Amino acid sequence: MTHAVAAKGLDIGYRGADSDVIVAAGLDLTIETGAFLSILGPSGCGKSTLLRVIADLLDPIGGHLEVLGATASDARKKRQIGFVFQDATLLPWRTVRDNIELPAVVGGSNRQALAPGRTDELLSMLGLDGLDDRYPHQLSGGQRQRVAIARALIDEPKLLLMDEPFGALDEITRDRLNNELLAIWRRTGTTILFVTHSIQEAVYLGQKVMVMAANPGRVVDLHDLGDVKAADNSCSREDPEIIAAMVAMRQSLEAHP
Ligand SMILES: Nc1ncnc2c1ncn2[C@@H]1O[C@H](COP(=O)(O)OP(=O)(O)O)[C@@H](O)[C@H]1O
Ligand SMILES: [Mg+2]
C-alpha cells in the first residue's frame, strides 16, 4: 500500500544566498492513506514549512519524501493536493462561485472540465447554498473559510493540507466547522494533515496527533487516539479519556518548551 506521505531523514528549511536556514532536520514521518493527522506545535517549530514542502511549494533541503506514492512535484502537477491557509486568501473581485472554480480555471483546463454540478455540490456540502453570487467582503469569516475549503476540494484532492484554517475564527464557529470537516473527511476519504496550535482541536479532529517542538524544529511525540475515540474517529469533548489525552499532549508540549 502506498502511503499518503512518507518522509525519511527529511531536512526542511529555507535556502539563502550565503547559508541555508534549517528549520527541522531528519524528520521521519509516515501517514497512511485516508488518515486524519493533526500536527500540533508552538509557533516557529516548522509546521507551515513542513506543509509547504509536502505541497511542493518549497524544495526540501535534503532527505527523502514521497507524496501519494510519487514525488511531491508529481502529486502537485496531477492536482492531487489541496491547501487551505489560515487566511482564506480569496480573490476579492471574484464571486464565491468563481473563487471555488478558480483552481480549475487556473489549472489550464476550462469550466467544461468541471463535472456538471460539482460547484453546486460543494456549495451545498459546505453550507454555502444561495451565497454563490456574493463577493468575499459580503461573507463572515467562517463563510470565507468554507469557501476556501470548497476551493481546495474542487479537484477532489487525495491529500488535503490545512494550515491553521480556523485559527482566526470564534470558538463556536470553529467547533461547527470542525464537525463539518470531519463529515467531509468521512464522505470523501481524503487524507487530511491539519495544523493547529489548539490542543482541543488537534484531539477532536485527528486519529493521531503529532506533537512538534521548536529550536530546533522536531517531532517529539505521536499520540494515537485509536483507543479513546470511536471507530469513525468521533468523540465527545467532555469524555474523561479525551480530556486525559489533552492533558498528555499539554505535557508533551511543556516538556519541550
Ligand atoms: N521565507 C522564510 N525564510 C527564512 N526563514 C523562514 C521563512 N519562513 C519561515 N521561516 C522561519 O522558519 C521557522 C519555522 O517557520 P514556520 O514553518 O512558519 O513555523 P510554524 O508554522 O510552526 O509557526 C521560523 O523560525 C521562521 O522564522
Ligand atoms: Mg505556521
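Here the structure is shown first, and the text comes after it.
Everything in this summary refers to the structure shown in the same document.

Calculation notes
Residues numbered from 1 in each chain as written. Chains lettered and ligands numbered in written order. Predicted model: local features only at pLDDT ≥ 70, side-chain atom pairs only at ≥ 80, totals over all residues. Heavy atoms only, no water. Salt bridge = Lys/Arg side-chain N within 4 Å of Asp/Glu carboxyl O. Buried < 20%, exposed > 50% of the residue type's maximum accessible area, 1.4 Å probe, protein only. Helix = DSSP H or I, 4+ residues; strand = E, 2+ residues; numbered from the N terminus. Core = buried A, V, L, I, M, F, W, Y, C linked by side-chain atoms within 4.5 Å. Contact = heavy atoms within 4.5 Å. Axes fitted to C-alpha atoms, helices over the stretch in contact; angles between N-to-C directions. Left-handed = near helix turned anticlockwise from the far one by under 90°. Nonpolar A, V, L, I, M, F, W, Y, C, P; charged D, E, K, R; others polar. Near = heavy atom within 4 Å. Polar contact = N/O pair within 3.5 Å; in protein donor to acceptor, adjacent residues only side chain to side chain. 1 Å grid on protein atoms, 1.4 Å probe; cavity = no way out; pocket = protein on both sides within 12 Å on 5 of 7 lines; lining within 4 Å. Points joined across faces, edges and corners; volume = space filled by probe spheres on them.

Re the pattern of salt bridges
Opposite charge on two side chains allows them to pair when their charged atoms are near. A full pass over the atoms with the stated rule returns 11 salt bridges. Asp20 is the salt-bridge partner of Arg15, the closest N and O atoms lying 3.4 Å from each other. You can call Arg15 exposed: its relative accessible area is 55%. Residues Asp56 and Arg76 are paired through a salt bridge, measuring 2.7 Å at the closest nitrogen-oxygen approach. Here the residue Asp56 occupies a position in the loop between α1 (47-54) and β4 (62-67), and Arg76 occupies one in helix α2 (residues 72-77), the gap between them amounting to 20 residues.

Description of the nonpolar core
Core analysis: the largest hydrophobic core is formed by 47 residues, its most contacted members being Met162 and Met249. It is helix α5 (residues 141-153) that provides the largest number of residues to this core, a total of six residues. For Met249, the residues in contact, after removing those within four places along its chain, are Leu40, Ile199, Val203, Val209, Val211, His223 and Leu225. If you look at the next biggest cluster of nonpolar residues, it comprises 34 residues, including Val23, Ala35, Ile39 and Val195.

Topic: the packing of helix α3 (residues 96-106) against α5
Two numbers describe how α3 lies on α5: the axes approach to 7 Å, and their chain directions differ by 35 degrees. As for how α3 packs across α5, the hand of that crossing is right-handed. Only Val147, Ala150 and Arg151 of α5 make contact with α3, whose side of the interface consists of Val96, Asn99, Ile100 and Pro103. Looking at side-chain class alone, the contact of α3 with α5 contains five nonpolar, one polar and one charged residues.

Examining the site of ligand 1
With respect to spatial proximity, the complete set of residues near ligand 1 consists of Tyr14, Val23, Pro42, Ser43, Gly44, Cys45, Gly46, Lys47, Ser48 and Thr49. One of the side-chain N or O atoms of Thr49 is found 2.5 Å from an oxygen atom in ligand 1.

A closer look at α3
Where α3 is concerned, the buried positions are Val96, Asn99, Ile100, Glu101, Leu102 and Ala104. Buried-residue contacts for α3 involve α4 (118-125) and α5.

Observations regarding the layout of surface pockets
Considered as a void within the structure, the largest pocket measures approximately 500 Å³ in volume. The wall of the largest pocket is formed by 18 residues, among which Ile81, Gly82, Phe83, Pro103 and Asp155 lie closest to the centre. Mapped onto the lining of the largest pocket, the elements with two or more residues apiece are β5 (81-84), α3 and α5. Residue classes in the lining of the largest pocket are distributed as 11 nonpolar, three polar and four charged. If you add up the space inside the second largest pocket, you get close to 340 Å³. Surrounding the second largest pocket, 20 residues form its lining, Glu32, Ala35, Leu37, Gln207 and Lys208 being those nearest its centre. When contributions to the lining of the second largest pocket are tallied by element, the ones reaching two or more residues are β2 (21-31), β3 (36-40), β8 (208-213) and β9 (218-224). Sort the elements by how many residues they give to the lining of the second largest pocket and β2 lands first, with four residues. By residue class, the composition of the lining of the second largest pocket is 11 nonpolar, four polar and five charged.

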